[in-house]
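Below are the chains, spelled out letter by letter.
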Amino acid sequence: KIGSGKDDGFTKSTAFGHIQILFDMADLDEAQRMILLNMSLLPYTGINTKQMAEWCEWQDDDAVYQLIRKGWVKENGESVIALHPLIAEVAFEHLKDSPQNCTVFITNLSEQIRVKEKAPSDLFAYGIVSVISSVSERLYRSRKSTNKIADFLGQVPQVLEGYGFLEDRIKYREKALDLYKKMYQPPHPKLAIGMNNLAVLYGSKGDFTMALSFHLQALEMRKELYPSGHTDIAVSYINIAGVYQRQ
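Residues numbered from 1 in each chain as written. Predicted model: local features only at pLDDT ≥ 70, side-chain atom pairs only at ≥ 80, totals over all residues. Heavy atoms only, no water.

Engineer: Lay out the packing of aromatic side chains with the relevant residues and their values.
Structural biologist: Applying the stated rule across the entire model yields three aromatic pairs. When the ring of Trp-55 is compared with that of Phe-105, the centres are 6.3 Å apart and the planes differ by 35°; the resulting orientation is tilted. Pair noted here: Trp-55 is in helix H3 (residues 49-56) and Phe-105 is in helix H6 (residues 103-114), with a separation of 50 residues, a long-range link. The buried category is assigned to Phe-105, whose relative accessible area is 1%. The residue whose ring lies beneath Arg-138 is Phe-92, and the NZ or CZ to ring-centre distance is 5.3 Å. (Phe/Tyr/Trp six-rings, centres within 6.5 Å; stacked < 30°, edge-to-face > 60°. Helix = DSSP H or I, 4+ residues; strand = E, 2+ residues; numbered from the N terminus. Buried < 20%, exposed > 50% of the residue type's maximum accessible area, 1.4 Å probe, protein only. Lys NZ or Arg CZ within 6 Å of the ring centre and 35° of its normal.)

Engineer: An account of the sheet that holds strand E1 (residues 47-48) is needed here, citing residue identities and associated values.
Structural biologist: Spatial ordering of the open sheet is given by E1-E3-E2, a layout of three strands whose pairing is antiparallel. Strands at the two margins of the open sheet, each flanked by one partner only, are E1 and strand E2 (73-75). Bridge analysis of E1 against strand E3 (residues 80-83) gives two bridges, and the strand direction is antiparallel. Residue pairing across strands places Asn-48 opposite Val-80, the latter belonging to E3. (Pairing = 2+ DSSP bridges.)

Engineer: So what about the nonpolar core? Which residues, and what values?
Structural biologist: A general trend in soluble globular proteins is that nonpolar side chains are found buried together. By size, the foremost hydrophobic cluster in this structure holds 72 residues, and its most contacted members are Leu-36, Leu-41, Phe-105, Leu-109, Val-135 and Phe-152. Those residues within four positions of Phe-105 in sequence are excluded, and the remaining contacts are Asn-38, Leu-41, Leu-42, Met-52, Trp-55, Cys-56 and Val-135. (Core = buried A, V, L, I, M, F, W, Y, C linked by side-chain atoms within 4.5 Å. Contact = heavy atoms within 4.5 Å.)

Engineer: Before we move on, can you summarise unusual backbone geometry with the specific residues and values?
Structural biologist: That bond from Pro-186 to Pro-187 is cis: its omega, -5°, falls within 30 degrees of zero. Mapped onto the elements, Pro-187 comes out in the loop between helix H10 (166-183) and helix H11 (189-205). The phi dihedral of Glu-57 is positive, around 55°, even though this residue is not glycine.

Engineer: Explain the side chain of Ser-98 to me, using residue names and the numbers behind them.
Structural biologist: Inspection of the secondary structure puts Ser-98 in the loop between helix H5 (85-96) and H6. In terms of polar contacts, Ser-98 uses its side chain to reach the backbone carbonyl oxygen of His-94, at 3.4 Å. A distance of 2.8 Å separates the side chain of Ser-98 from the side chain of Asn-101, its partner in a polar contact. (Polar contact = N/O pair within 3.5 Å; in protein donor to acceptor, adjacent residues only side chain to side chain.)

Engineer: Break down the pattern of salt bridges for me, citing the residues and quoting the values.
Structural biologist: The full count for this structure, using the stated rule, is 12 salt bridges. Across the salt bridge formed by Arg-138 and Glu-89, the nearest N and O atoms sit 3.0 Å from each other. With Arg-138 in helix H8 (residues 128-141) and Glu-89 in helix H5, the pair connects residues that are 49 residues apart, well separated along the chain. You can call Arg-138 buried: its relative accessible area is 6%. (Salt bridge = Lys/Arg side-chain N within 4 Å of Asp/Glu carboxyl O.)

Engineer: Residues and numbers for helix H2 (residues 30-39), please.
Structural biologist: By the burial criterion, the buried members of H2 are Gln-32, Ile-35, Leu-36, Leu-37, Asn-38 and Met-39. Considering only its buried residues, H2 is in contact with H3, helix H4 (61-70), E2, E3, H5 and H6. You can read the cap of H2 off the contacts: a side-chain oxygen lies 3.2 Å from the backbone nitrogen of Ala-31, and it is on Asp-29.

Here it is in structure tokens:
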């Protein structure tokens, strides 16, 4: 983080403004800007160039090499590209205003989450956990409440499940629910599902008080949404009974 100087006129905002001038993206072409916007979501350790090109569906490989030659992108070893933290922050500021620019990347990364059970070792070899964690944190920081972002955050616990990370799985469920609450007024199916999923994770943690609280909230919302006898209502009752049994 950028600290404030002794001069009262010098602020973090002023300092970041100077950095944005130093790293002005205006002279870059559209392909180069899109690469930087999507790479701003990555961990600073970088990613395999071929893997990133596939996820972002880059059509122009030369654009990446142009950015490397210009110093915008650095190579961390063989076939690994990354952004300097300052450049990543500047690019991310641009992305926050237009999150739709990362839609292709997020869609393809979501697909990797869905197929992870078929090849967990390959996903882990690509550093998928660190990539997904970095992307999730930055998307949440953007504070843009879109279905694409909220759904992605809600999927993250699926890829973390095979490797443990229970606390992280809870964290991402909470963040997804937080974004859904900004988009939808209760009662809403996605709110009920988000509460139910969070309750299940708290139950796995052994925090039965929190598990019961979220299951009851999900039940009440489902009773408002659906007619008596609906499958989702029955599931909530079963889940609540399961919590009481484990207490």
